[in-house]
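Observations on the model geometry
These are the residues of each chain, in order.
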Amino acid sequence: MTDDPPPSRHDRITRHPTPGTQNSLRHWTSARNPLRVSLNYAVIVLARISPSLRLKNWLLGAIGVTIGTGVSWGLESTPDVFWPDLITVDDHAIIGYNATILCHEFLQHEYRTGEVHIGKRAMIGAGAIVLPGVTIGDGAQVAANSLVTRDVPAGATVAGVPATEMSADDS
């Protein structure tokens, strides 16, 4: 048995070097097909404003988001527009109003991609941002307006920027 720390989100991120001297966002059309991104964007805009949870799940599933049974996406919630196919949301999870789930980061000399996995019955609060490569455990809770930069253990509650685990005294 070893006492090695669990892998961080950075261990699950794929790095893609950017050619030339410009920042990686200037080369986004080399990273992902512009027609695919345009279609994803149009579908996400429709899903963001739809009050129907069933329609939201169907639309987001059509662009590659893996969605379990009974998942609820709040109004204006936004999955990654470039790589929605890297998102998995398990049964009965809630993604709050205006929350954002990112699976990519465009940086100066590279861009990074990473899967995001949201566990069963997990809750993401309004306005929260989840970064690429993060796993949110079953039954975990992310407070509103938090920035999730690392994994959230099952059953834990995190809050803040960056999000940190709250103790029983904090609740």
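For the structure itself, consult the block above.
Here is what the cut-offs are and how they apply
- Residues numbered from 1 in each chain as written.
- Predicted model: local features only at pLDDT ≥ 70, side-chain atom pairs only at ≥ 80, totals over all residues.
- Heavy atoms only, no water.
- Helix = DSSP H or I, 4+ residues; strand = E, 2+ residues; numbered from the N terminus.
- Buried < 20%, exposed > 50% of the residue type's maximum accessible area, 1.4 Å probe, protein only.
- Contact = heavy atoms within 4.5 Å.
- Salt bridge = Lys/Arg side-chain N within 4 Å of Asp/Glu carboxyl O.
- Phe/Tyr/Trp six-rings, centres within 6.5 Å; stacked < 30°, edge-to-face > 60°.
- Expected span 1.5 Å × (residues − 1).
- Polar contact = N/O pair within 3.5 Å; in protein donor to acceptor, adjacent residues only side chain to side chain.

**Overview of the environment of Asn40**
- Of note, Asn40 is situated in helix H2 (residues 34-49).
- Overall, Asn40 belongs to the buried group, its relative accessible area being 0%.
- Sequence separation between Asn40 and Pro162 is 122 residues; the distance between their C-alpha atoms is 28 Å.
- Not counting residues within four places of it along the chain, the set of residues in contact with Asn40 comprises Ile63, Val81, Phe82 and Pro84.

**Considering the pattern of salt bridges**
- Counted by the stated rule, this structure contains 7 salt bridges.
- The partner of Arg12 in a salt bridge is Asp151, and the shortest N-O contact between them spans 2.4 Å. Residue Arg12 is located in the segment before strand S1 (14-17), and its partner Asp151 is located in the loop between strand S15 (147-148) and strand S16 (157-159); the two are separated by 139 residues in the primary sequence.
- The class of Arg12 is partly exposed, set by a relative accessible area of 31%.
- Between Arg15 and Glu110 there is a salt bridge, and its shortest N-O distance comes to 3.7 Å. With a gap of 95 residues between them, Arg15 in strand S1 and Glu110 in strand S9 (residues 110-113) connect regions that are remote in the sequence.
- Its relative accessible area of 41% is what places Arg15 among the partly exposed residues.

**Some remarks on the packing of aromatic side chains**
- Evaluated as defined, the whole model comprises 5 aromatic pairs.
- Taken together, the ring pairs connect Trp28, Phe82, Trp83, Phe106 and Tyr111 into an aromatic cluster.

**Brief notes about H2**
- End to end, H2 covers 23 Å across 16 residues, agreeing with the expected 22 Å (1.5 Å per residue, within 8%).
- If you follow the buried residues of H2, they end up packed against helix H1 (28-31), helix H3 (53-62) and strand S4 (78-79).
- One side-chain oxygen at the N-terminal end of H2 lies 2.7 Å from the backbone nitrogen of Leu35; it belongs to Asn33.

**Thoughts on unusual backbone geometry**
- The omega torsion of the bond from Val161 to Pro162 falls at -5 degrees, within 30 degrees of zero and hence cis.
- Mapping Pro162 onto the fold places it in the loop between S16 and strand S17 (164-165).
- A positive phi is found at Glu76, a non-glycine position, where the angle reads about 65 degrees.
- For Glu76, a relative accessible area of 25% gives the class partly exposed.
- Positive phi, close to 60 degrees, is recorded for Arg121, a residue that is not glycine.
- Of note, Arg121 is situated in the loop between strand S10 (116-118) and strand S11 (123-124).
- A residue is classified by how much of its surface remains accessible, and Arg121, at 58% relative accessible area, is exposed.

**Remarks on the environment of Arg9**
- Topologically, Arg9 is positioned in the segment before S1.
- When the C-alpha atoms of Arg9 and Gly133 are compared, they prove to be 4.5 Å apart, with 124 residues separating the residues in sequence.
- Apart from residues no more than four positions distant in its own chain, Arg9 is found in contact with Glu105, Leu131, Pro132, Gly133, Val134 and Thr149.
- Within the local environment of Arg9, its side chain forms a polar contact with the backbone oxygen of Thr149, the two atoms lying 2.9 Å apart.

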